[in-house]
Amino acid sequence: MNLPVMTPAIGLDEAMHFAWLEADLLDHACYDEWLALWTPQARYVVPIDPAATEFEDCLNYIYDDHDMRRKRTERLVSGQSISASPVARTVRLLSRFRILQADHSACELRCAQMLTENRRGRTRSYAANVSHRLVRDAGTLKIDQKIVRLINSTEALGGIGYIL
Amino acid sequence: MNIAVTVAPDSAGLVLPDRVRSSMYTDPAMFEAEMARIFERTWVWVAHASEIAEPGAFKMAMVGLQPVIVVRDRKGAVHVHVNRCRHRAATVCEVAKGKTNSFVCPYHGWSYALDGSLRGVPYDTGYAGAIDKREFPLKSLRVEEYAGLIFASFRHDIEPLADFLGGAKKWIDLFMKQSAGYPLTTLGEHKFRFPGNWKIQLENTTDAYHFPLVHKSFLTATDKETEAMMDIMNNGGFVEDLGNGHSVMVMVPGLVDLDENLDAPIPRKFEALAAKLAQDHSAQEVRRIVRAVGGTGFNLNLFPNLGCSAAFFRVLQPISVDETEVRHVALGMQGGPKAANRARLRIHEFFQGPMGFGSPDDAEVWDRVQHGAQGGKDLWLMLNRGTVNEETLADGHRRGDVSAETGMRAAYRQWKAMMEVAS
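Residues numbered from 1 in each chain as written. Chains lettered and ligands numbered in written order. Predicted model: local features only at pLDDT ≥ 70, side-chain atom pairs only at ≥ 80, totals over all residues.

Take the pairing of strand S6 (residues 78-82) of chain B next. All names here are of chain B. Judged by how many residues are buried, S6 sits mostly within the fold: five of five residues are covered. Going residue by residue along S6, you find Val78, Val80 and Val82 tucked away on one face and His79 and His81 tucked away on the opposite face as well. Direction of pairing for strand S5 (residues 66-72) relative to S6: antiparallel, over a ladder of five bridges. Bridge assignment links Val70 to a residue of S6, and that residue is Val80. The loop that links S5 with its antiparallel partner S6 comprises five residues; one of these, Gly76, has a positive phi angle of about 100 degrees. (Buried ≥ 20, exposed ≤ 12 C-beta atoms within 10 Å, placed from the backbone. Helix = DSSP H or I, 4+ residues; strand = E, 2+ residues; numbered from the N terminus. Pairing = 2+ DSSP bridges.)

Structural data, given as structure tokens:
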């Protein structure tokens, strides 16, 4: 009897290392490599309403498709944006990882992100719950959706001229 | 009486017709006096009717530095109350927005009806009959509404709102056309703070001069049609002083009246939207919605705290002399086509808010203004751009070219008039 070959589900270790890779690329301004991490139809979302799920029909801070992500990275390097000249230096720590759902082709990863920024003599920090939907694509992982839920999303924020 | 009211710095020498002193941004005593003499004495915008549409609906707001509740009672009347229990001052509401039957103080349980009247005092036998509930309603402000804009004032003898708005009413009516025949509704808001004085933001709403430089990265990122439309220094716009500190800056003259030119070709950027709308709307409806979807071609600045700014409300909240909160309230069509409201949301997200392609650059230069104003305190802030070619219209309004600082001069004239009234 022939048993089907079982591909193992995406595990915590693999997903966690992928999220750390993304964090490292952003903190080190490697935007081309960052853009390549995404599936073509992926969305990068920073919601305002903590309860929102239908992001397309409500106001978000960020609701980016590929084109908007590309424009956002260009803005950070073009020198045309005074709030991104220079871009804030950031260090983000990702921890408290948990896989909410996984099979061999996709997983839902949730983690905590503590980000500290420094720019023009000011240091600020932002805490967020971050959810990634990761999919396996030709052997490697890709981001199909990333949602950054700032714990103070309904409060007044400072200008955030970088990618969360 | 607020001490600051009696010792307000001499404002006469601080404001000349074409320049103001930089202590306008930096003097804490001046800020205190502004809260008392301007924000507590004029009409301050507190809500749009759609935010409190149903009976019992409320939202928290501020008038100057005083926390207030804006609430619609069961009969539909709107009240604005100071958010403070008459017993020992605790706020009776700390929910930003919601629906309720009453407001109950969390400290000792005094409860108030939506109209502000005191209804319940727990264990009132302790007062042995020495308390008359009629003496302790929530403190209420005067409230009036124009075209869905709800304003409140601490001065019960203030002029009617319609008179205060005066020349701005025509522009409010034009602004409201962007809901394309549907009721206008708020669709959420972006909120951010910058470390600078509130008047820096007030000035900015009618400042075309900064646009090509500060918003270069937005103009680069947007589509070619929008870039050409927002070449506002070269599109024949103007700024007009509307009286009482209000002003309008017309950036895109072709988008002043959204009910006109409905036969104009649909811009390429909206072709996909138009095709989608055409599935269940007539050709005429599609044209009307598409023409309105990007908002109006002007910014209306209402002194002191509201801007009806192209496609959104800009709300100013002073926090301290060098801290200001700005809210950009997104607008849409209540019950209108989903695709069109989505387009409006994406346009708003693109430019506005702490992570938009426009607002962070504005916030950065305002921050720089506040920092720079710490230096050279004997120097003036110059507001003389466009004075030479300014014309006076038949109705007495002054009008300058699009980048004239006419709107700022209008605001500071009102500022001075209000600051010079002692009590």
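Listed by partner, the interface residues are 23 residues for chain A and 29 residues for chain B. Of all the secondary structure elements, the ones that give two or more residues to the side of chain A that touches chain B are strand S2 (60-64) and helix H3 (66-77) of chain A. Partitioning the side of chain A that touches chain B into residue classes produces 11 nonpolar, eight polar and four charged. (Contact = placed C-beta atoms within 7 Å. Nonpolar A, V, L, I, M, F, W, Y, C, P; charged D, E, K, R; others polar.)

With that settled, the discussion passes to helix H3 (residues 28-39) of chain B. With 12 residues, H3(B) extends 15 Å from end C-alpha to end C-alpha; this agrees with the ideal 16 Å at 1.5 Å per step. Counted residue by residue, H3(B) has nine buried out of 12 residues, so it is predominantly covered. (Expected span 1.5 Å × (residues − 1).)

For the peptide bond that leads from A:Ser85 to A:Pro86, omega is 0 degrees, which places it in the cis range. Within the secondary structure layout, A:Pro86 lies in the loop between H3 and strand S3 (89-102). Cis geometry is found at the peptide bond from B:Phe303 to B:Pro304, where omega equals 5 degrees. Positive phi values are uncommon outside glycine, yet B:Ala128 reaches one of about 50 degrees. For B:Ala128, a count of 7 C-beta atoms within 10 Å puts it in the exposed group.

Moving on, we come to the pairing of strand S18 (residues 312-320) of chain B. Residue and element names in this part refer to chain B. Burial within S18 is extensive, with seven of its nine residues counted as buried. Bridge count between strand S17 (residues 306-309) and S18: four bridges; the pairing is antiparallel. In the sheet register, Gly307 faces S18, and the bridge partner there is Arg314. Taking the residues between adjacent antiparallel strands as the criterion, S17 and S18 are bridged by two residues, where Ala310 takes a positive phi near 55 degrees. Counting the residues in the hairpin turn of S18 and strand S19 (residues 323-333) gives two residues.

Right, let's talk about the packing of H3(B) against helix H14 (residues 406-419) of chain B for a bit. All names here are of chain B. Interhelical geometry of H3 versus H14 gives an angle of 90 degrees and a closest axis separation of 9 Å. As far as their axial angle goes, H14 and H3 are roughly perpendicular. Touching Ala33, Arg37 and Ile38 of H3 are Trp415, Met418 and Met419, all from H14. Residue composition of the contact of H3 with H14, by class: five nonpolar, no polar and one charged. (Axes fitted to C-alpha atoms, helices over the stretch in contact; angles between N-to-C directions. Parallel < 35°, antiparallel > 145°, perpendicular 65-115°, else oblique.)

Our focus in this paragraph is the sheet that holds strand S20 (residues 380-382) of chain B. Residue and element names in this part refer to chain B. If you walk across this open sheet you meet the three strands as S1-S2-S20, and the pairing is antiparallel. With one partner strand each, in any of the chains shown, strand S1 (15-16) and S20 form the two edges of the open sheet. Pairing analysis gives two bridges linking S1 to strand S2 (residues 19-21), with the strands arranged antiparallel. By the bridge assignment for S2, Val15 is matched with Val20.

Turning our attention to the domain arrangement of chain B. All names here are of chain B. Per the domain assignment, the segments of chain B are domain 1 (44-153) and domain 2 (166-417). Computed from C-alpha coordinates alone, the two centres of domain 1 and domain 2 are separated by 32 Å. In this assembly, 10 residues from domain 1 lie in contact with 15 residues from domain 2. When residues of the side of domain 1 that touches domain 2 are assigned to their parent elements, the largest contribution, three residues, is made by strand S3 (residues 44-48). In the side of domain 1 that touches domain 2, the residues fall into six nonpolar, three polar and one charged. (Domains from an automatic or database assignment.)

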